[in-house]
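Structural characterization, general
One-letter residues, chain by chain:
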Amino acid sequence: MTDNRGGTAAGAVLGAATVATGLIAGVWFAYVCSVMPALARSDDKVFVEVMRNINDVIQNPVFFTPFFGALILTAVAAWQLRGTPAKPWALAALVVYVAVFVVTSAVNVPLNDALAAATDPVRARADFETPWVAWNIVRAVLTAVGFACLLRALAIRRAR
């Protein structure tokens, strides 16, 4: 295994970054197309209870590994690919994923925390659902764009 720019190690890290980013894009997409539309059919008490449960159980190594791994691996891949034609694509993916990380940390997690602390399910849902869904769509789109950038970086790297 070599460490040279665009070498074997760079290919492995870029591949792992792509897989991790794809997994997270899939998580956000699942919320967009199934979880939130299904919960929208529920009454307020059920909606709040289920979202609280989801927010509790998602905090585990199976989710956190690709969520944080995508950020770290993409940064490492961009650094390893310096001086190669794939670098701009890896950098674009990194910028987009940093935006996903910021949206998640600055919007979705505080909304989750407020939902967990709320006592009135009607008010809690009214304050939570619309902004959380909208910002989840933003992070789903951004993560998909980052995934596409990493796929392009892989294609360029393989074409060399």
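Residues numbered from 1 in each chain as written. Predicted model: local features only at pLDDT ≥ 70, side-chain atom pairs only at ≥ 80, totals over all residues. Heavy atoms only, no water.

1. So, the packing of aromatic side chains
For the coordinates displayed, the defined rule picks out 12 aromatic pairs. Through a chain of ring-to-ring contacts, three or more aromatic side chains come together here, namely W28, F63, F64, F67, F68, Y97 and F101. Here R82 stacks its cationic end above the ring of W79, 4.0 Å away from the centre of that ring. A cation over an aromatic ring shows up here: R139 above the ring of W28, its NZ or CZ 3.6 Å from the ring centre. (Phe/Tyr/Trp six-rings, centres within 6.5 Å; stacked < 30°, edge-to-face > 60°. Lys NZ or Arg CZ within 6 Å of the ring centre and 35° of its normal.)

2. Quick notes on the pattern of salt bridges
Counted under the stated rule, the structure contains 3 salt bridges. Of the charged contacts, one joins R123 and D127 as a salt bridge, the two residues approaching to 3.3 Å between their closest N and O atoms. Of this pair, R123 and D127 both sit in helix 5 (residues 121-159), 4 residues apart, which is roughly one turn of the helix. Residue class for D127 comes out partly exposed when judged on its relative accessible area of 38%. Here E129 ties to R125 by a salt bridge, and the two come within 2.8 Å at their closest N and O atoms. You can see E129 and its partner R125 sitting in helix 5, 4 residues apart, about one turn around the helix. Counted as one network, the salt bridges with shared partners bring together D44, R125 and E129. (Salt bridge = Lys/Arg side-chain N within 4 Å of Asp/Glu carboxyl O. Helix = DSSP H or I, 4+ residues; strand = E, 2+ residues; numbered from the N terminus. Buried < 20%, exposed > 50% of the residue type's maximum accessible area, 1.4 Å probe, protein only.)

3. Points about the packing of helix 3 (residues 61-80) against helix 4 (residues 87-117)
Interaxial distance between helix 3 and helix 4 falls to 9 Å at its minimum, and their mutual angle equals 150°. Compared by their axis directions, helix 3 and helix 4 come out roughly antiparallel. Remark: the crossing between helix 3 and helix 4 carries left-handed chirality. For the pair helix 3 and helix 4, the contacting residues are P66, F67, F68, A70, L71, T74, A75 and A78 in the first and K87, A90, L91, A93, L94, Y97, V98, F101 and T104 in the second. When the residues that make up the contact of helix 3 with helix 4 are grouped by side-chain class, the tally is 14 nonpolar, 2 polar and 1 charged. (Axes fitted to C-alpha atoms, helices over the stretch in contact; angles between N-to-C directions. Parallel < 35°, antiparallel > 145°, perpendicular 65-115°, else oblique. Left-handed = near helix turned anticlockwise from the far one by under 90°. Contact = heavy atoms within 4.5 Å. Nonpolar A, V, L, I, M, F, W, Y, C, P; charged D, E, K, R; others polar.)

4. Some details on the nonpolar core
Counting residues in hydrophobic clusters, the biggest one holds 22 residues, and the most contacted among them are W28, M36, F47, M51, F128 and W132. For this core, the secondary structure elements donating two or more residues are helix 1 (8-40), helix 2 (44-57), helix 3, helix 4 and helix 5. Considering every element that reaches this core, the biggest residue donor is helix 1, with 6 residues. In contact with F128, not counting residues within four places along its chain, are M36, F47, M51, L111, N112 and L115. Listed in part, the 15 residues of the second largest apolar core include V13, L14, A86 and A93. (Core = buried A, V, L, I, M, F, W, Y, C linked by side-chain atoms within 4.5 Å.)

5. Some points on the side chain of R125
For R125, a relative accessible area of 9% translates into the label buried. Within the local environment of R125, its side chain forms a polar contact with the side chain of D44, the two groups lying 3.2 Å apart. Within polar-contact distance, the side chain of R125 engages the side chain of E129 at 2.8 Å. (Polar contact = N/O pair within 3.5 Å; in protein donor to acceptor, adjacent residues only side chain to side chain.)

Such coordinate-based values are descriptive only and should not be taken to indicate function.
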